[in-house]
Amino acid sequence: MVAALEAGGFSVPELAGLAAASGVAEAAEHVQRLLFEGAAVRVSQDFCYTARQWAEIEAALRRHFAAQPALRVGDLKGLLGISRKHAIPLLEHCDRVGLTVRAGDERRRGPRL
């Protein structure tokens, strides 16, 4: 499961797709175990990232905010090589956990970053 999540870089597969590929019950149980063990971070109903991917995302955000005061969706897409489909849920999760703070169409560095 970890290999499947990391195969596309930061463009992780939808969890429903993983379930279809490996069996619904098996995939759901494996994802729950990864989340419980802290080996994955669920950013939305559809996407989760491995702990390694999440650490790299946090590091990329730190580097960005060290050079720029704001982050837009397009910035994150370029920074991580992802589509809007992945960028929006990822940014919304970053807002929820305090890594970023939304200010209109931009994100500012959050208190946890």
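Computed from a predicted model, the values in this text were never measured in an experiment.

Novice: Tell me about the side chain of His86, and name the residues and values.
Specialist: In this fold, His86 is placed in helix α6 (residues 84-97). With a relative accessible area of 7%, His86 lands in the buried category. Only 2.7 Å separates the side chain of His86 from the backbone oxygen of Val12, close enough to count as a polar contact. In contact with His86, not counting residues within four places along its chain, are Phe10, Ser11, Val12, Phe47 and Tyr49.

Novice: Give a description of the pattern of salt bridges that names residues and reports values.
Specialist: Throughout the structure, instances matching the rule amount to 8 salt bridges. Taking the shortest distance from any N to any O, the salt bridge between Glu37 and Arg33 comes out at 3.5 Å. Connected through salt bridges with shared partners, the residues Glu6, Arg52 and Glu56 form a single ionic network.

Novice: Pulling in residues and values, what's your account of the packing of helix α5 (residues 73-80) against α6?
Specialist: It is the contact of α5 with α6, at a shortest axis distance of 9 Å, that shows an interaxial angle of 110°. Judged on the interaxial angle alone, α6 and α5 are roughly perpendicular. In this structure, α5 meets α6 at a crossing whose hand is right-handed. Side by side, α5 and α6 meet where Val73, Leu76, Lys77 and Leu80 of the first sit next to Arg84, Ala87, Ile88, Leu90 and Leu91 of the second. Residue classes in the contact of α5 with α6 are distributed as 7 nonpolar, no polar and 2 charged.

Novice: Go over the packing of helix α4 (residues 51-67) against α5, please, and point to the residues and values.
Specialist: Where α4 meets α5, the axes come as close as 11 Å, and the angle between the chain directions of the two elements is 120°. Relative to α5, the element α4 is oriented oblique. Both α4 and α5 take part in a crossing whose hand is right-handed. On the side of α4, the interface is formed by Ile57, Ala60, Leu61 and His64, while α5 contributes Asp75, Leu76, Leu79 and Leu80. Of the residues assigned to the contact of α4 with α5, the class counts are 6 nonpolar, 1 polar and 1 charged.

Novice: So what's going on with α6? Residues and values would help.
Specialist: For α6, built from 14 residues, the straight-helix expectation of 20 Å at 1.5 Å per residue is met to within 8% by its first-to-last C-alpha distance of 20 Å. Within α6 the residues assigned to the buried category are His86, Ala87, Pro89, Leu90, Leu91, His93 and Cys94.

Novice: Break down the pairing of strand β5 (residues 106-109) for me, citing the residues and quoting the values.
Specialist: Taken together, the 2 bridges between strand β3 (residues 70-71) and β5 define a ladder with antiparallel strand orientation. Looking at the pairing, Ala70 lines up with Arg108 of β5. In the sheet, strand β4 (residues 100-103) pairs with β5 via 4 bridges, with the strands oriented antiparallel. Each bridged residue has a counterpart across the sheet, and for Ala103 the counterpart in β5 is Glu106.

Novice: Break down the nonpolar core for me, with residues and values.
Specialist: Counting residues in each nonpolar core, the largest one holds 21 residues, and the members touching the most others are Ile57, Leu61, Leu76, Leu80 and Leu90. Secondary structure elements with two or more residues in this core: α4, α5 and α6. Counting residues per element, this core draws most heavily on α4, at 5 residues. Counting 7 residues, the second-largest nonpolar core is a separate cluster that includes Leu5, Leu18, Ala40 and Cys48.

The rules we used
- Residues numbered from 1 in each chain as written.
- Predicted model: local features only at pLDDT ≥ 70, side-chain atom pairs only at ≥ 80, totals over all residues.
- Heavy atoms only, no water.
- Helix = DSSP H or I, 4+ residues; strand = E, 2+ residues; numbered from the N terminus.
- Buried < 20%, exposed > 50% of the residue type's maximum accessible area, 1.4 Å probe, protein only.
- Polar contact = N/O pair within 3.5 Å; in protein donor to acceptor, adjacent residues only side chain to side chain.
- Contact = heavy atoms within 4.5 Å.
- Salt bridge = Lys/Arg side-chain N within 4 Å of Asp/Glu carboxyl O.
- Axes fitted to C-alpha atoms, helices over the stretch in contact; angles between N-to-C directions.
- Parallel < 35°, antiparallel > 145°, perpendicular 65-115°, else oblique.
- Left-handed = near helix turned anticlockwise from the far one by under 90°.
- Nonpolar A, V, L, I, M, F, W, Y, C, P; charged D, E, K, R; others polar.
- Expected span 1.5 Å × (residues − 1).
- Pairing = 2+ DSSP bridges.
- Core = buried A, V, L, I, M, F, W, Y, C linked by side-chain atoms within 4.5 Å.

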